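Observations on chain architecture
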Amino acid sequence: MKKIGVLTSGGDSPGMNPAIRAVVRKAIFEGLEVYGISQGYKGLIEGNIQKLEVGSVGDIIQRGGTMLQSARCEEFKTEEGQDKGIEQLKKHGIEALVVIGGDGSYQGAIKLTKKGFPCIGIPGTIDNDIPGTDYTLGFNTALHTVIDAIDRIRDTASSHERTFIVEVMGRDAGDIALWSGLAGGAETILIPEADESFDDIIARLHQGNERGKKHSIIVVAEGVMSGNELAEKLKEKSGVETRVTVLGHIQRGGSPSAFDRVLGSRFGGYAVDLLLQGRGGRAVGIQKNELVDYDILEVLGKEHHIDMNMYKLSKELSI
Ligand code: ATP
């Protein structure tokens, strides 16, 4: 193998830049040429491909977002689009591709691998919803952002004796809500993986009031319902007035945490190792602090699981 490509796709996440940097530098260290494909699969189809040098990835390890930019591309979901992508890769003599992105991006990498073009998937999304890895790139940084917001909300909530609802991202996964809710000391955490009745939520609010709590924070994952919908339902059912904060895309931005920089570096280096061993068609991950890899096709059949013991604990601690 002489030439490899790297792209970022789907929603960007902090940690993508450290991963790109690691892919590029590790590959050059090993004597390979590396090509950066800008704007994900869209850029691939359009031939937006440039050779990267050691210096091309300088001064990016601390930056959020992705220097290669990301995009969503409907055309790549078609066979014609995928063939156009492979044509571009062949034109540049690229023999394998590292794809950094979420589950949608993995679908694209799977299609290319099935067509005989080897890809390696690096899980890059704040949602932490990719099966086969304990953590995805960007999840840790997003948690820091959410916790910072919850801490600030807590200050104002206790000054005004109010109940706040904080809506967080995560798509269909409750990881951001669970981890940030536990770390932020939220009274109630609503995640798609667990049913919580309105009666329980209301009972917990009353219980808190009775023991003199000055404020309450409810963290709701976007996969359950919106913060505004929750506020309306709570008012309708119990008359409780709440204030809603929707954190939105703030959660995607910011300088990657030390954890995500290290994780991105490890994932990137490992992806190149796999390609050097001639092991394309793999997805990388981290389990119990060990780097792991598995058949990228397995992502289709596997499910991401949230830690329900942690959820149980969060309820026990919010009495
Ligand atoms: P995030 O979850 O963080 O938003 P993602 O990678 O899941 O990231 P998507 O928008 O789902 O984001 O996917 C990114 C791109 O991957 C799509 O725009 C498309 O180009 C490609 N893609 C998604 N699904 C498929 C598919 N079934 N076949 C081929 N390509 C796909």
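Because the structure is predicted, anything quoted here is derived from the model rather than measured.

Reading guide: rules and limits
Residues numbered from 1 in each chain as written. Predicted model: local features only at pLDDT ≥ 70, side-chain atom pairs only at ≥ 80, totals over all residues. Domains from an automatic or database assignment. Contact = placed C-beta atoms within 7 Å. Buried ≥ 20, exposed ≤ 12 C-beta atoms within 10 Å, placed from the backbone. Near = placed C-beta within 6 Å. Helix = DSSP H or I, 4+ residues; strand = E, 2+ residues; numbered from the N terminus. Nonpolar A, V, L, I, M, F, W, Y, C, P; charged D, E, K, R; others polar. Axes fitted to C-alpha atoms, helices over the stretch in contact; angles between N-to-C directions. Left-handed = near helix turned anticlockwise from the far one by under 90°.

Turning our attention to the domain arrangement of the protein chain. Domains assigned within the protein chain are domain 1 (3–138 + 256–301) and domain 2 (139–252). Distance from the C-alpha centre of domain 1 to the C-alpha centre of domain 2: 34 Å. On the side of domain 2, 14 residues touch domain 1, which itself brings 16 residues to the contact.

To continue, consider unusual backbone geometry. Even without being glycine, K288 reaches a positive phi, approximately 50°. By the C-beta count within 10 Å, which is 6 here, K288 ends up exposed. In this structure, N289 is a non-glycine residue whose phi angle is positive, near 65°.

Right, let's talk about the site of the ligand for a bit. Taken together, 18 residues surround the ligand, and among them G10, G11, G102, G104 and G108 come closest. Counting residues per element, the shell around the ligand draws most heavily on helix α4 (residues 103–114), which supplies six residues. Taken together, the residues that form the shell around the ligand break down as three nonpolar, 10 polar and five charged.

Let us look at helix α6 (residues 175–183). Of all nine residues that make up α6, seven are buried, and the element is covered over most of its length. For α6, the full list of buried residues reads D175, I176, A177, L178, W179, S180 and G181. Residues of α6 that are buried in the fold lie against α5 (139–160), β6 (163–168), β7 (188–190), β8 (216–221) and α11 (308–317). Positive backbone phi, approximately 70°, marks G185, located one or two places after α6.

Contact pair helix α1 (residues 16–29) / helix α9 (residues 258–276): the axes reach a minimum separation of 7 Å and the direction vectors enclose 35°. Seen from above, α1 lies across α9 with right-handed handedness. For the pair formed by α1 and α9, the contact residues are M16, P18, A19, R21, A22, V23, K26 and A27 on the first element and D260, R261, G264, S265, F267, G268, G269, A271 and V272 on the second. When the residues that make up the contact of α1 with α9 are grouped by side-chain class, the tally is nine nonpolar, four polar and four charged.

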